[in-house]
Amino acid sequence: MLLARLRRRDRGFTVFGSWGHRYRLREPLTERRVADFECEVGVSLPADYREFLRSVGDGPAGPYYGLERLPSDAHHLARPFPLNTSTEGAPMAEWDWRREDEDEFPGLLELCHQGCAHYSYLVVNGESRGTIWVGGEDFYPTGLRFSQWYGSWASRALRVLSNEHLVALLTPGMTTEQVLETVDGDWKERPVHGRASCYLEAWDIPAQLVLDDRGVVTEVRPFPFISAHPR
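Computed from a predicted model, the values in this text were never measured in an experiment. (Residues numbered from 1 in each chain as written. Predicted model: local features only at pLDDT ≥ 70, side-chain atom pairs only at ≥ 80, totals over all residues. Heavy atoms only, no water.)

1. Observations concerning the sheet that holds strand β4 (residues 139-145)
Read across the open sheet, the four strands follow the order β1-β2-β3-β4; overall the sheet is antiparallel. The sheet is open, and its two edges are formed by β1 (108-115) and β4, each paired on a single side. This sheet shows a mean twist of 25° between the axes of neighbouring strands, independent of strand direction. Sitting on the sheet, helix α5 (residues 146-162) is in contact with β1, β2 (118-123), β3 (131-135) and β4, with an inclination near 85° to β4. (Pairing = 2+ DSSP bridges. Helix = DSSP H or I, 4+ residues; strand = E, 2+ residues; numbered from the N terminus. Axes fitted to C-alpha atoms, helices over the stretch in contact; angles between N-to-C directions. Contact = heavy atoms within 4.5 Å.)

What follows is the structure in structure tokens.
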């Protein structure tokens, strides 16, 4: 299992959030507990998430700050989640469905806190049922089902951990071409607002490179932790 491999590999808990959950899992839920929850809230959980609860565990090991427990009361799930496209750029009136309180949205089961007031949700009721959405100031779909989301987190974390040793090969004075020749990765330049320099980053290399306007590395910044965003 990917989680077991990740637990063995990341003994220093350098993957974001792992210092909290430490790759531990609670006991799997019984069939009766899951069925009672579904009966109480009036929804059937997506099959892959349901199987995870029954066979793997009820969190907390997982993406970002870790998985939340299956709640004991979630009547907001009985109402369908009304969105099927991102709200980014849309007038508030077009998606003003409002939460019932500060923690609940219709049809959305909160999976985990990503940090900075962003959360990962599983749609359990509505047209987008079974898919993961991210919510904060806006809501947008990831296109992933729970099993894909969880598996990609573990796979990406393992990939980045295996590349930690490559950071030592990156030094100031290297050109962009030399970086690409020395360390294979999904490198992309990211502009720095208001400055001629830019960042060179790769999701699978745990460091950020600062480039000057000639494309020469002026600083290598190893990441203090590994961020493995599911995708």
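2. Notes on the sheet that holds strand β8 (residues 217-222)
Taken in spatial order, the four strands of this open sheet run β5-β6-β7-β8, and their pairing is antiparallel. Each edge of the open sheet carries a strand with a single partner, namely β5 (187-191) and β8. Strand after strand, the sheet turns through a mean of 25° between neighbouring axes, direction not considered. One ladder, built from five bridges, connects strand β7 (residues 207-211) with β8; its direction is antiparallel. Paired with L211 across the bridge in β8 is V217.

3. Description of the nonpolar core
Note that soluble globular proteins tend to have their nonpolar side chains buried in a common cluster. One finds L6, L45, Y49, F146, W149, Y150 and W153 to be the most contacted residues of the largest nonpolar core, which totals 38 residues. Every element with two or more residues in this core is listed here: α1 (2-9), α3 (31-41), α4 (47-55), β1 and α5. Counting residues per element, this core draws most heavily on α5, at nine residues. Grouped together as the second largest cluster of nonpolar side chains are 16 residues, V167, W187, C198 and V217 included. (Core = buried A, V, L, I, M, F, W, Y, C linked by side-chain atoms within 4.5 Å. Buried < 20%, exposed > 50% of the residue type's maximum accessible area, 1.4 Å probe, protein only.)

4. Comments concerning the pattern of salt bridges
Here the structure, examined in full by the defined rule, presents nine salt bridges. Between E31 and R50 there is a salt bridge, with its nearest N and O atoms 2.8 Å apart. Residue E31 is found in helix α3, and its partner R50 is found in helix α4; the two are separated by 19 residues along the sequence. Residue class for R50 comes out buried when judged on its relative accessible area of 19%. (Salt bridge = Lys/Arg side-chain N within 4 Å of Asp/Glu carboxyl O.)

5. Regarding the packing of aromatic side chains
Per the counting criterion, the structure on display carries 17 aromatic pairs. Between F52 and Y150, the ring centres sit 4.8 Å apart and the planes meet at 55°, which makes this aromatic pair tilted. Residue F52 is found in helix α4, and its partner Y150 is found in helix α5; the two are separated by 98 residues along the sequence. Seen in terms of ring centroids, Y150 and W153 are 5.4 Å apart; in terms of plane orientation they differ by 65°. Their pairing is edge-to-face. Of this pair, Y150 and W153 both sit in helix α5, three residues apart, which is roughly one turn of the helix. One aromatic cluster is present, formed by Y49, F52, F146, W149, Y150 and W153 through successive ring pairs. The ring of W203 is capped by R156, whose NZ or CZ atom sits 4.2 Å from the centre of that ring. (Phe/Tyr/Trp six-rings, centres within 6.5 Å; stacked < 30°, edge-to-face > 60°. Lys NZ or Arg CZ within 6 Å of the ring centre and 35° of its normal.)

6. A short note on the packing of α1 against α5
A pair of packed helices is characterised by two quantities: the angle between their axes and the separation of those axes. At a closest axis distance of 10 Å, the pairing of α1 and α5 adopts a crossing angle of 30°. Between α1 and α5, the crossing angle belongs to the class labelled roughly parallel. At the point where α1 passes α5, the crossing takes the left-handed sense. On the side of α1, the interface is formed by L2, L3, R5, L6 and R9, while α5 contributes Y150, G151, W153, A154, S155, A157, L158, L161 and S162. When the residues that make up the contact of α1 with α5 are grouped by side-chain class, the tally is nine nonpolar, three polar and two charged. (Parallel < 35°, antiparallel > 145°, perpendicular 65-115°, else oblique. Left-handed = near helix turned anticlockwise from the far one by under 90°. Nonpolar A, V, L, I, M, F, W, Y, C, P; charged D, E, K, R; others polar.)

7. A closer look at a positive patch on the surface
A contiguous patch of positive charge, built from R5, R7, R8 and R11, is present on the exposed surface. Residue placement: R7 occurs in helix α1. Using a relative accessible area of 37% as the deciding quantity, one classes R7 as partly exposed. (Patch = residues over 30% accessible without salt bridge, like charges linked within 9 Å, V, L, I, M, F, W, Y side chains within 5 Å. Areas by Shrake-Rupley, 256 points an atom, 1.4 Å probe, with all protein chains shown as cover. Lys, Arg positive; Asp, Glu negative; His and termini not counted. Charge placed at Lys NZ, Arg CZ, Asp CG, Glu CD.)

8. Focus: the pairing of β2
Direction of pairing for β1 relative to β2: antiparallel, over a ladder of six bridges. Residue pairing in the sheet places E110 in a bridge with Y121 of β2. Of the pairings in the sheet, the one linking β2 to β3 comprises four bridges and is antiparallel in character. If you follow Y121 over to β3, its bridge partner there is W133.

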